[in-house]
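Here is how the chains run, residue by residue.
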Amino acid sequence: MKNIAVFCSGYGSNLQAIINFIKKKKIKARIALVLSDRVDAYALVRARKEKIPVLYADPADFKDRVSYDRFLISNLKKKKIDYVVLAGFMRLMSPYFIRCFRGRVLNIHPSLLPSFKGTQGIKDALSYGVKITGVTVHFVDEKLDHGPIIAQSALEIKATDTQATLAERIHRLEHKLYPQAVRLLIENKLKIQGRKVKQK
Ligand code: GRF
């Protein structure tokens, strides 16, 4: 059984979607750790409810990004973590972290990358006036929202959409797409070839 760590900074609805998927036995893996950089992340509450071990690590307690990431890596090793799933984790991973877990870290982003990178993907797409946006699951590399793309799902932006209504539909898409991508990863069905991800 493969061990997953999920990193969250906030609400944790994607964490919940993955938990639910695992409970339905659609993924044969165990979430062995939920990590947060924020003490008040609701994701920690969700994890505790499910009796998943949690770790809160405050970046302010570390002298720089690499020392923070070294601490994370040592905890991941202790828990024998195979894969790291970023789910609303609002920190850029250091090159050191990526080297240790290359090809084993996933992220979900609420836009069709490479459009609207950064922390405001939903708002930025809406204010830019694009008619179609969506969600992207990708491998994490050294650059922000940049690694090889595993899956994307699109939706239309309606003239009546507000940030709240669009965010709701984006999140619904995320909750379908992310667990499926995690399953492909766990089942070793993904092969990275340069920028492309092929299904084996
Ligand atoms: C999601 O929109 C995800 O795409 C982005 O952060 C948000 C996290 O939401 N990276 P949640 O904490 O999973 O509810």
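Criteria and cut-off values
- Residues numbered from 1 in each chain as written.
- Predicted model: local features only at pLDDT ≥ 70, side-chain atom pairs only at ≥ 80, totals over all residues.
- Heavy atoms only, no water.
- Buried < 20%, exposed > 50% of the residue type's maximum accessible area, 1.4 Å probe, protein only.
- Helix = DSSP H or I, 4+ residues; strand = E, 2+ residues; numbered from the N terminus.
- Pairing = 2+ DSSP bridges.
- Near = heavy atom within 4 Å.
- Polar contact = N/O pair within 3.5 Å; in protein donor to acceptor, adjacent residues only side chain to side chain.
- Nonpolar A, V, L, I, M, F, W, Y, C, P; charged D, E, K, R; others polar.
- Arc of directions from axis to C-beta.
- Contact = heavy atoms within 4.5 Å.
- Phe/Tyr/Trp six-rings, centres within 6.5 Å; stacked < 30°, edge-to-face > 60°.
- Patch = residues over 30% accessible without salt bridge, like charges linked within 9 Å, V, L, I, M, F, W, Y side chains within 5 Å.
- Areas by Shrake-Rupley, 256 points an atom, 1.4 Å probe, with all protein chains shown as cover.
- Salt bridge = Lys/Arg side-chain N within 4 Å of Asp/Glu carboxyl O.

1. Brief notes about the pairing of strand β6 (residues 132–139)
- Taken across its eight residues, β6 has seven buried, putting it largely inside the fold.
- Where strand β5 (residues 105–109) lies against β6, four bridges are found, and the strand directions are antiparallel. Residue pairing across strands places I108 opposite V137, the latter belonging to β6.

2. Brief notes about the site of the ligand
- Lining the immediate surroundings of the ligand are Y11, G12, S13, N14, G88, I108, H109, P110, H171 and E174.
- Interatomic distance of 2.9 Å between a backbone N/O atom of I108 and a nitrogen atom of the ligand.
- E174 places a polar side-chain atom, nitrogen or oxygen, 2.3 Å from an oxygen atom of the ligand.
- Only α1 (13–23), β5 and α6 (163–186) provide two or more residues apiece to the shell around the ligand.
- Looking at the shell around the ligand residue by residue, the class counts come to three nonpolar, six polar and one charged.

3. Section: helix α2 (residues 42–49)
- Listed as buried for α2 are A43, L44, R46 and A47. For α2, the angular spread of the buried residues around the axis is 160°, confining them to a single face. Exposed residues on α2 whose side chains face more than 90 degrees from its buried face are R48 and K49.
- Contact partners of the buried residues in α2: β1 (2–8), α1, β2 (29–36) and β3 (54–56).

4. Digging into the packing of aromatic side chains
- What the rule picks out here adds up to seven aromatic pairs.
- Taking the centre distance of 5.2 Å and the plane angle of 65° together, the rings of F7 and F89 count as edge-to-face. Taken together, the positions of F7 in strand β1 and F89 in the loop between β4 (83–86) and α4 (95–100) put the pair 82 residues apart, joining distant regions of the chain.
- Classification of F7 by relative accessible area gives buried; the value is 0%.
- Of the residues examined, F89 reaches a relative accessible area of 8% and is grouped as buried.
- Residues F97 and F101 carry aromatic rings whose centres are separated by 5.8 Å and whose planes lie at 20° to one another, so their mutual orientation is stacked. The same class applies to F97 and to F101, which are both buried.

5. A few points about a nonpolar patch on the surface
- On the surface, Y11, Y42 and V45 cluster together into a nonpolar patch covering about 300 Å² of accessible area.
- Position of Y11 relative to the elements: it lies in the loop between β1 and α1.
- Looking at Y11, the relative accessible area reads 57%, which means it is exposed.

6. What to know about helix α5 (residues 121–128)
- Within α5, burial applies to G121, I122 and A125. For α5, the buried positions fall inside an angular range of 100° around the axis, keeping them on one side.
- For α5, the elements touching its buried residues are β5, β6 and α6.
- Positive phi appears at G129, one or two residues downstream of α5, with a value of about 95°.

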